[in-house]
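# Chain and residue survey
Spelled out from the first residue to the last, the chains are:
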Amino acid sequence: MKSRFSRYNDGMLYVCEQRQQDTDFSAVKNVRNMKDLNKILKLAYEEKSKRDEDIQFAESIGRSLSMKVKTRSNEKVDSTKKITIGDKLYSIINIDHDRTAKEMYLYLEEERTIK
C-alpha cells in the first residue's frame, strides 16, 4: 500500500544566508567555506528527476539546472537564500509550491564546492 505521505529519504539540505563580509570597497565576496554562511534551516529532501520542461525553463532565464528536490514547505525559503548539500553550494533558481500537499520543489543550480 502506498503511503499518502512523501518520504524525504535522499538526504538533508541546509538553507543558508550569506554572511556580510567587509571589504575595502564594499564589494560582495563569494562564499568559499561554511564560515561564510549562516545556517537557517535543516530539511530532509527527496531528489526528483529533471524534466525537459524544467531544463528548458532554467535555460530560458540563463541558468543551468543541476538538481531538483522536493521537501516540506517553509516560509523561510526564498530565492535569495543558498542551499548546501554535503560540500556543494547551490543557488535557488525557482520554487514551486504544492499547497495541498504542503511541499515545495526547489530548482537548484550548483555554484561551487565549499570547504
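Only a predicted model underlies this, so the values are computations on that prediction, with no experimental measurement involved.

## Points about the pairing of strand S2 (residues 37–48)
- Bridge count for strand S1 (residues 11–18) against S2 is 8 bridges, and the pairing is antiparallel. Considered in S2, the bridge of tyrosine 14 is made with lysine 42.
- Relative to strand S3 (residues 67–72), S2 runs antiparallel, the two sharing 3 bridges. Note that in S3 the partner of lysine 48 across the bridge is lysine 68.

## Let's talk about the environment of glutamate 17
- Looking at where glutamate 17 falls in the secondary structure, it is placed in strand S1.
- A residue is classified by how much of its surface remains accessible, and glutamate 17, at 36% relative accessible area, is partly exposed.
- With 24 residues separating them along the chain, glutamate 17 and leucine 41 place their C-alpha atoms 9.9 Å apart.
- Ignoring sequence-local partners within four residues, the contact set of glutamate 17 consists of Asp36, Leu37, Asn38, Ile40 and Lys81.

## Let's talk about the sheet that holds S2
- Taken in spatial order, the 6 strands line up as S1-S2-S3-S6-S5-S4 and close into a barrel, and their pairing is antiparallel. Going across the sheet, the axis of each strand differs from the next one's by a mean of 45 degrees, ignoring polarity.
- Two elements, S3 and strand S6 (residues 103–113), share 6 bridges in a ladder whose sense is antiparallel. Residue pairing across strands places lysine 70 opposite tyrosine 105, the latter belonging to S6.

Cut-off values and rules
- Residues numbered from 1 in each chain as written.
- Predicted model: local features only at pLDDT ≥ 70, side-chain atom pairs only at ≥ 80, totals over all residues.
- Heavy atoms only, no water.
- Pairing = 2+ DSSP bridges.
- Helix = DSSP H or I, 4+ residues; strand = E, 2+ residues; numbered from the N terminus.
- Buried < 20%, exposed > 50% of the residue type's maximum accessible area, 1.4 Å probe, protein only.
- Contact = heavy atoms within 4.5 Å.
- Axes fitted to C-alpha atoms, helices over the stretch in contact; angles between N-to-C directions.

So far we have only geometry, and geometry alone does not tell us how the molecule works.
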